[in-house]
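Listed here are the chains, written in short residue letters.
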Amino acid sequence: MTEHDRPLRFAVVGAGMAGLLSAIKLREAGCTDVTIYEKADRIGGTWRENTYPGLSCDVPSHLYSYSFELNPDWSHQFSPGAEIQAYFEHVVEKYDLAPLIRFSEDVTSLAWADGRWHLDTAAGHHDEADVVIAATGVLRVPRYPDIEGIDTFAGACFHSARWDHAVPLAGRRVGIIGTGSTAVQIVSAIVGEVGHLDLFQRTPQWVLQQPNPAYDEPTRADYRAHPEKLEALHKGLSQLFAEGFANAIVDADSPQVQGIQAACLANLENNVKDPELRERLRPTYRAACKRLIVSPDFYEAIQQPNASLVTDPIVAVEPGGVRTADGTLHELDVLVLATGFRADAFMRPMQIIGRGGVTLETAWTPRPEAYLSISIPDFPNLFMLNGPNGPVGNFSLIEVAELQFGYILQLVDQLRSGACREISARADVLAVFEAEREEAARHTVWVTGCQSWYLDDRGIPAVWPFTFDRFRAEMAAPDLDAYERA
Ligand code: N01
């Protein structure tokens, strides 16, 4: 920051992974007037909200870490959720972020007026900022299934992201609706404890078997003593994920996607003994079409004598349990809804009014769009991390957010240096980008015959369909001609 720079005030919405990153990077760049608004009373985002048994990150922990804050002490290759939450709490302490955070402040509205963002919270706080960073997360709003009678269930019923730890599971009859990454983790974690487990499967999933070894103390001590080894590990994993997965996934016929298919098939064939069960677990679409499920032991768990895979469609929930189309009432004490999230919510239901009175709701009708998933035309100086149509999938969203923030900082530099006071993507540039993105999305593995939360209302993947290398290249430096500057 030079003495000639225009001082800017920043409001960051969300104290999860991306919001904390924003505050650290802003300060590092010399921007000290920063407030983070957090609706809850703790930091952590996804890792605060999700506390279900078996929660872990299926991206290796040494990759799912800030590049500038590597952690020699991860307990496992894929560490548990509570440990990830503790990591972010450590980051808050180490980088002294707590004084910047206003807890229990749910931002309800943002309005652009007189060259600034006017921000209001549910608690009645008002603020004004030159720049807003929306770090509100991707899978934040639970999706509840629309099943007849669900409110009549007499036992405990909750969404996986709203786990009720007061409800005992030991020896009880537990039902889980859904077979996504979440359900699979829960099944493995609780099958040994519950009396009986019913897993209600609407669609079978491909499952990649992936062991989860612990790091022993000598290994961790070695990483503590040699940070350069930790850095090499992080770099190597990033490269491996980019080359082995993120670059390849966009090409449905790539050797890597075929290799994933073969590995998932081998897992099914080798690890499910009963041929009838094996057929019910066999997907009819291609591996990686839905977000790939990674688990060391899901098939082992579902074959336990107290576990049942229920594939008859659910027709209703009754006070005593779940009724399926074959007429069976699956009697239950606890019903877990592992039914996923509204992936198109982003900052909503926040009311956002941009330049000229345009509302975000209007700008995002019929669906959310943003240039490079970061900037929306007519919403100047508002930048999103992990916004619409960005890279999501089986790789590190931290890496994505770091790359995005490096890009955003370069846009912020335009404001600081006085080159402009308002900056937002040009509508015509966004239209061209979206047309290219949609065309590319039609050729990805995500449209090879499955339903998933990646798909928009037209069935087109609402995600980054290009290679990860292209993403890195785009994020390296903004093309300022793509932006309207005033
Ligand atoms: O949700 P999902 P999730 N009746 O949307 C079923 C991330 N994550 O919470 O396939 C019956 O994947 C639905 O069935 P179908 C990760 O990005 C990461 O599991 O649509 N079933 C499906 O089986 C992941 O992709 C980690 O036919 C109904 C399930 O519910 C994302 O979160 C761990 C139904 C929903 O699956 C979401 O995963 C966990 C109904 N009415 C999650 N409605 C990591 O390790 C829905 N379903 C990083």
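Structure: above.
Computed from a predicted model, the values in this text were never measured in an experiment.

A. Inspection of the nonpolar core at higher detail. If you look at the biggest cluster of nonpolar residues, it comprises 118 residues, and the most contacted ones within it are Leu-20, Phe-88, Ile-176 and Tyr-371. Among the elements that line this core, the one with the most residues is helix H11 (residues 397-416), at 10 residues. Taken together, domain 1 (10-43 + 97-141 + 342-485) and domain 2 (164-211 + 239-337) each give at least three residues to this core, which thus spans both. Setting aside its immediate chain neighbours within four residues, Phe-88 contacts Met-17, Leu-20, Ile-43, Trp-47, Tyr-64, Tyr-66 and Ile-398. Core analysis: the second largest hydrophobic core is formed by 22 residues, Val-13, Ala-370, Ile-376 and Leu-382 among them.

B. Structural detail: the sheet that holds strand S16 (residues 329-331). The strand order S14-S15-S16 describes an open sheet built from three strands, whose pairing is antiparallel. Lying at the two open borders of the sheet, with one neighbouring strand each, are strand S14 (314-318) and S16. On average, each strand axis in the sheet is tilted by 25° relative to the strand beside it, whichever way the strands run. Here S14 pairs with strand S15 (residues 321-324) via four bridges, running antiparallel. The partner of Glu-318 across the bridge, within S15, is Gly-321.

C. Fine view of the state of the cysteines. Within the structure shown, the criterion is met by one disulfide. Covalent S-S linkage joins Cys-289 and Cys-450, the inter-sulfur distance amounting to 2.2 Å. With the S-S dihedral at roughly -95°, the linkage between Cys-289 and Cys-450 falls on the left-handed side. In this pair, Cys-289 sits in the loop between helix H8 (275-280) and strand S12 (293-295) while Cys-450 sits in the loop between helix H12 (427-441) and helix H13 (468-476), placing the two residues 161 residues apart along the sequence. Here Cys-289 and Cys-450 have matching classes, each one buried.

D. Inspection of the pairing of strand S4 (residues 107-113) at higher detail. Inspection of the sheet shows S4 paired to strand S5 (residues 116-121) by six bridges, in the antiparallel sense. In the sheet register, Ala-111 faces S5, and the bridge partner there is His-118. Where S4 hands over to S5, the hairpin turn is made up of two residues, of which Asp-114 adopts a positive phi near 55°. Here three bridges tie S4 to strand S18 (residues 351-353), and the two strands are oriented parallel to one another. Paired with Ser-109 across the two strands is Gln-351, which belongs to S18.

Conventions we followed
- Residues numbered from 1 in each chain as written.
- Predicted model: local features only at pLDDT ≥ 70, side-chain atom pairs only at ≥ 80, totals over all residues.
- Heavy atoms only, no water.
- Core = buried A, V, L, I, M, F, W, Y, C linked by side-chain atoms within 4.5 Å.
- Buried < 20%, exposed > 50% of the residue type's maximum accessible area, 1.4 Å probe, protein only.
- Helix = DSSP H or I, 4+ residues; strand = E, 2+ residues; numbered from the N terminus.
- Domains from an automatic or database assignment.
- Contact = heavy atoms within 4.5 Å.
- Pairing = 2+ DSSP bridges.
- Axes fitted to C-alpha atoms, helices over the stretch in contact; angles between N-to-C directions.
- Disulfide = S-S within 2.5 Å.

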